[in-house]
Amino acid sequence: MNKILETVRNYALSVTMPIIMIILLLIVSPETRSVNAIISLFRQGFAPAVLGWGVLFNMKAGNWDFSIGARFVLASILAGNLAMNLDLGILGLMVLAIVISLILSTIVGMAYKILKIPTLIVSIGICLIFESITRILYGGAGAHVSAEYMLFGKSPYDLIAFIVCFAIAAYIYYKRKLGYNVRAVGTNPVVAQTNGINAISTKTNALIISGLFAGLYCILSLSKTGVCAAVSGTLGSAATVFDAMMCVLIGMAICGKGNIIFSLYSGALIAQILKMGMMAIGLPTTYNKVVIAAFVIFFMVSSSKADVFGGMKNRFFGKTKAI
């Protein structure tokens, strides 16, 4: 019984926060008051969570990788067009998306390891190169896949794909040496180094493993929309990066002692609910990022100051009891 109660406490915030947000959405948006609308809402959080897991490995290792958005677009364009032109089918698209994405992430990781400069600088530089390539390939037309390549955009195949991705992310993060090293380096790289963990190699591996989830995100994104446009403008792919980071930050804030992989999906779900809620009340799109950023800051502060709030609560109740 104690173990069950402890599990409930660990996952309480990760479960209750999305539920509260859904209730608020139902209040402000009558058109969402149906079972199908709620199911569709849960499905919308699948793809952002998958990309967020890739960003999680980077952020936990101390990497600031702004190239993952450009890598996703470039891998989608290459995989989508090659699969269509060679008639490789859905399986060929899956293999190409993952392999190409891993190759691109390896380029970023090796550049960081060889140049030994901050990941922020490396990733932005390579991001600009990859964005330019997306505008050159296939005349800048991007990728368009036919309906047969959109299998994982339909139910229940999207749920099956999400569960598989969840299992992969949880296994790597909690059961493999890489996940342990990433957490150790992110907590304290100096202590990790003294315990035999190479910080540079770990950060490089985190960059590379993020390519796996970027490739999986390629599959889910193409399956959902069927298209992927070339990046327009300088750092036009940054919006994808920030959306994924937002899911990670919210997930980390509400995780507590629970499973961060699960909490990150809750963060992705909360982000989608916020966007739908702002659309429902007619808030101009120019204010969307401001409101979402305010929620992210709230979750970050509530998480980082949990010990302070707890101390204040104990002192208050201690004084009350003494009186």
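Residues numbered from 1 in each chain as written. Predicted model: local features only at pLDDT ≥ 70, side-chain atom pairs only at ≥ 80, totals over all residues. Heavy atoms only, no water.

### A short note on the overall build of the protein chain
Convention followed: Runs of H or I in DSSP of at least four residues are treated as helices and runs of E of at least two as strands, each being numbered from the N terminus. Radius of gyration means the value over C-alpha atoms here, while the globule rule gives 2.2 Å times the residue count to the 0.38 power. Exposed residues in this analysis have more than 50% of their type's maximum accessible area, buried residues have under 20%, and partly exposed residues fall in between, with area computed by a 1.4 Å probe over protein chains only.
Counting its secondary structure elements, the protein chain contains 14 helices and two strands. The C-alpha atoms of the protein chain give 21 Å as radius of gyration, which agrees with the globular expectation for 323 residues (20 Å, within 12%). Principal-axis analysis of the C-alpha atoms gives the protein chain an extent of 80 × 55 × 40 Å. The burial tally for the protein chain puts 46% of its 323 residues in the buried class.

### Points about helix α5 (residues 89-115)
Which entries qualify depends on this criterion: The span you would expect from a helix comes to 1.5 Å times its residue count less one.
For α5, with 27 residues, the first-to-last C-alpha span of 39 Å sits near the 39 Å given by 1.5 Å per residue. Once α5 finishes, lysine 116 follows within two positions and takes phi at roughly 55°, a positive value.

### Considerations on the pattern of salt bridges
Definition in use: Any carboxyl oxygen of Asp or Glu that lies within 4 Å of a side-chain nitrogen of Lys or Arg is treated as forming a salt bridge with it.
In total, this model carries three salt bridges according to the counting rule given. Arginine 43 is the salt-bridge partner of aspartate 158, the closest N and O atoms lying 2.5 Å from each other. Highlighted residues: aspartate 158 in helix α7 (residues 157-175) and arginine 43 in helix α2 (residues 35-44), separated in sequence by 115 residues. What makes aspartate 158 buried here is its relative accessible area of 7%.

### Overview of a nonpolar patch on the surface
What counts is decided by this rule: Surface patches are drawn from residues lacking salt bridges whose relative accessible area is over 30%; two like charges belong together within 9 Å, two nonpolar side chains (Val, Leu, Ile, Met, Phe, Trp, Tyr) within 5 Å. Only the protein chains shown count as cover for residues, and all accessible areas are computed by the Shrake-Rupley method using a 1.4 Å probe.
There is a patch of nonpolar side chains on the surface, built from Val15, Ile19, Ile20, Ile23, Leu24, Ile27, Val28 and Ile281 and spanning about 690 Å² of accessible area. Tracing the chain through its elements places valine 15 in helix α1 (residues 2-28). Given a relative accessible area of 36%, valine 15 falls into the partly exposed group.

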